[in-house]
Amino acid sequence: MIVNLAMKPGTDAAEKEDDAFAAWWKRFLRGEYPLGDPEAPALNVVDLCCASGGFGTGAALAARAFGRRAVFRAIADADEAAMAVYARSHPVENVISESLATIVDYSIEENGEEAEFDYPPEVMNEVLKREVGNVDLLIAGPPCQGHSNLNNHTRRDDPRNDLFVTTAAVAVALEARAVVIENVRSVVRSHGDVVALARKLLESEGYSVTDKILKMKDLGGWQTRERYFMIGVRDGDVDRVEGCVDRWLQRNTPDGSGRREPLDALWAISDLQDLRGETIFDTPPVQGEENARRIQYLFNEGLFDLPNHQRPDCHKNGTTYGAVYGRMKLNEPGPTITTGIGTPGQGRFIHPTRPRMITPHEAARIQCFPDGYGFLHPDGTVSRKDLAKWIGDAVPPLLGMVPICAALSAATGEDADLPW
């Protein structure tokens, strides 16, 4: 079937009919592809700090590229409603409403530049105990909380959080074949250097480890979001694992450069711009009088950035937050979607061609979630605040898919069979 991708206002050359990448992702966003083949062999996945499942959706897409289907043996998060969204969207076998810090028992011995576990990390959760040795892939997005100085006997119950390190301990305890941990890029400068410590611990247990900061727009995406990823492969070939992301990107971009030209936000949402929704998911948030006036001013003047004299008093003498109260730009990727999508004072969340805020549906598309994802409860009830959290806190599936594909390539020696 050939999809008609004729050029529309706000799109660029990347959307031509011969661009298989753009064509496939457009159909994916519109809900035209299942996330997995129920007849394919299982890829057993555990997802920690999973939120609503953006990273998990990336894992499902990666599994599909290797002829597998992601089966989520367990997902864990403190947000039970977010996990319900996840479970409405993926084959989830177990849901764990428990803090990551209580899932595993471990202790660390540091000696100069060396670090290792005092004793083998042990899974404490009864559900996860049954998965020891059965996990093909562990993924996690531990909260980017403040990190403590890690002493010679750091424990799992450190209240100031070293959950990045705890994730490494869970991977070892589960004997996971591959692990991919994501976080904000600034985690590499965290107090206590938890990234370096996690890497040392994984390497001390036989994992080969690499890491990479990835930008969605460099992957051909339609958002500027960027994240840090650490990849570990147990008993993997060190040379193959080191740089596995770069090699994967080079193989899967047309010119071998590892980068694609980005798509723009309107490319992802143009079919929704005049949709009259019947649910909160498809309606923009109502703005107060002042913000409504600011939005209209942008369109009346043909602007994308609000001049200082139109901003609140605290901005009128200048601000470093120029994107707030801004309108999404034509022919450019969208901004990083956050939990603040409901108000123009939280970011550039005004629709590029319509004088209104984007809807949660449009935000989900920009975050790379497909139509039909389980954000709405079966009875249709949901709050705008919850939608903003579930969508804004997610890892865009395209962004998560890439390091997971690289990890699976390094672990299996196979190359992904991508559909574009």
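Definitions and limits used
Residues numbered from 1 in each chain as written. Predicted model: local features only at pLDDT ≥ 70, side-chain atom pairs only at ≥ 80, totals over all residues. Heavy atoms only, no water. Helix = DSSP H or I, 4+ residues; strand = E, 2+ residues; numbered from the N terminus. Rg over C-alpha atoms; globule rule 2.2 N^0.38 Å. Buried < 20%, exposed > 50% of the residue type's maximum accessible area, 1.4 Å probe, protein only. Contact = heavy atoms within 4.5 Å. Areas by Shrake-Rupley, 256 points an atom, 1.4 Å probe, with all protein chains shown as cover. Lys, Arg positive; Asp, Glu negative; His and termini not counted. Charge placed at Lys NZ, Arg CZ, Asp CG, Glu CD. Axes fitted to C-alpha atoms, helices over the stretch in contact; angles between N-to-C directions. Parallel < 35°, antiparallel > 145°, perpendicular 65-115°, else oblique. Nonpolar A, V, L, I, M, F, W, Y, C, P; charged D, E, K, R; others polar. pLDDT = per-residue confidence, 0-100. Arc of directions from axis to C-beta. Polar contact = N/O pair within 3.5 Å; in protein donor to acceptor, adjacent residues only side chain to side chain. Pairing = 2+ DSSP bridges. Left-handed = near helix turned anticlockwise from the far one by under 90°.

Participant: Explain the overall build of the chain here, please?
Facilitator: In terms of helices and strands, the chain carries 13 helices and eleven strands. Expected size for 420 residues packed as a compact globule is a radius of gyration near 22 Å; at 22 Å, the chain falls within 12% of this value. Taken along its principal axes, the extent of the C-alpha atoms in the chain is 65 × 55 × 45 Å. Considering the chain as a whole, with its 420 residues, one finds that 55% of them fall into the buried category. Once local pairs closer than 6 in sequence are excluded, the contacts in the chain between residues at least 24 apart make up 72%. Put simply, the chain shows about 17,600 Å² of open surface, and 46% of that area lies on carbon and sulfur atoms. In the chain, which carries 45 positive and 62 negative side-chain charges, the distance between the mean positions of the two groups comes to 6 Å.

Participant: Teacher, can you tell me more about the packing of helix H8 (residues 244-251) against helix H13 (residues 397-412) here?
Facilitator: Two quantities define a packed helix pair, namely the angle between the helix axes and the distance between the axes. Two numbers describe how H8 lies on H13: the axes approach to 9 Å, and their chain directions differ by 105°. The angle between the axes of H8 and H13 places the two elements in the roughly perpendicular class. Of H13, the residues touching H8 (which contributes Cys244, Val245, Trp248, Leu249 and Arg251) are Val402, Cys405, Ala406, Ser409 and Ala410. Its residues assigned to classes, the contact of H8 with H13 shows eight nonpolar, one polar and one charged.

Participant: Is there a simple way to think about the confidence of the model for the chain in this case?
Facilitator: The predicted coordinates should not be examined in detail at positions where pLDDT is low. Here the chain averages 90 in pLDDT, while 91% of its residues score no lower than 70. Confidence over residues 1-17 falls short of pLDDT 50; this stretch has 32 contacts with residues more than four positions distant or in other chains. Throughout residues 146-161 the model reports pLDDT below 50, and contacts reaching past four residues in sequence, or to other chains, amount to 47 contacts.

Participant: Can you help me understand helix H3 (residues 80-89) in this one?
Facilitator: The periodicity of an α-helix, 3.6 residues per turn, causes residues three or four places apart in sequence to face the same way. All of the buried residues in H3 are Ala82, Met83, Val85, Tyr86 and Ser89. Considered in projection along H3, the buried side chains sweep an arc of 150° and stay on one side of the axis. Against the buried residues of H3 lie strand S1 (42-48), helix H2 (54-65), strand S2 (69-76), strand S3 (95-96) and helix H12 (384-392). Between the side-chain oxygen at the start of H3 and the backbone nitrogen of Ala81 there is a gap of 3.1 Å, and the oxygen is on Asp79.

Participant: It is not clear to me how the pairing of strand S8 (residues 137-140) should be interpreted in this structure. Could you clarify?
Facilitator: Consecutive residues of a regular strand have side chains that alternate between opposite faces of the sheet. Here S8 shows a buried face lined by Leu137 and Ile139 and a second buried face lined by Leu138 and Ala140. As defined by bridge partners, S1 adjoins S8 across four bridges and the pair is classed as parallel. Residue pairing in the sheet places Asp47 in a bridge with Ile139 of S8. For S8 and strand S9 (residues 178-183), the ladder comprises four bridges, and the chain directions are parallel. Each residue of the ladder has a partner; that of Ile139, found in S9, is Val180.

Participant: Got a minute to help me understand the packing of H2 against H13 in this structure?
Facilitator: Their axes nearest at 7 Å, the elements H2 and H13 cross at an angle of 45°. As the angle between them shows, H2 and H13 are arranged oblique. In terms of crossing hand, the pair formed by H2 and H13 is right-handed. For the pair formed by H2 and H13, the contact residues are Gly54, Phe55, Thr57, Gly58, Ala59, Leu61, Ala62, Ala63 and Ala65 on the first element and Pro397, Gly400, Met401, Ile404, Cys405 and Leu408 on the second. Of the residues in the contact of H2 with H13, the class split is eleven nonpolar, four polar and no charged.

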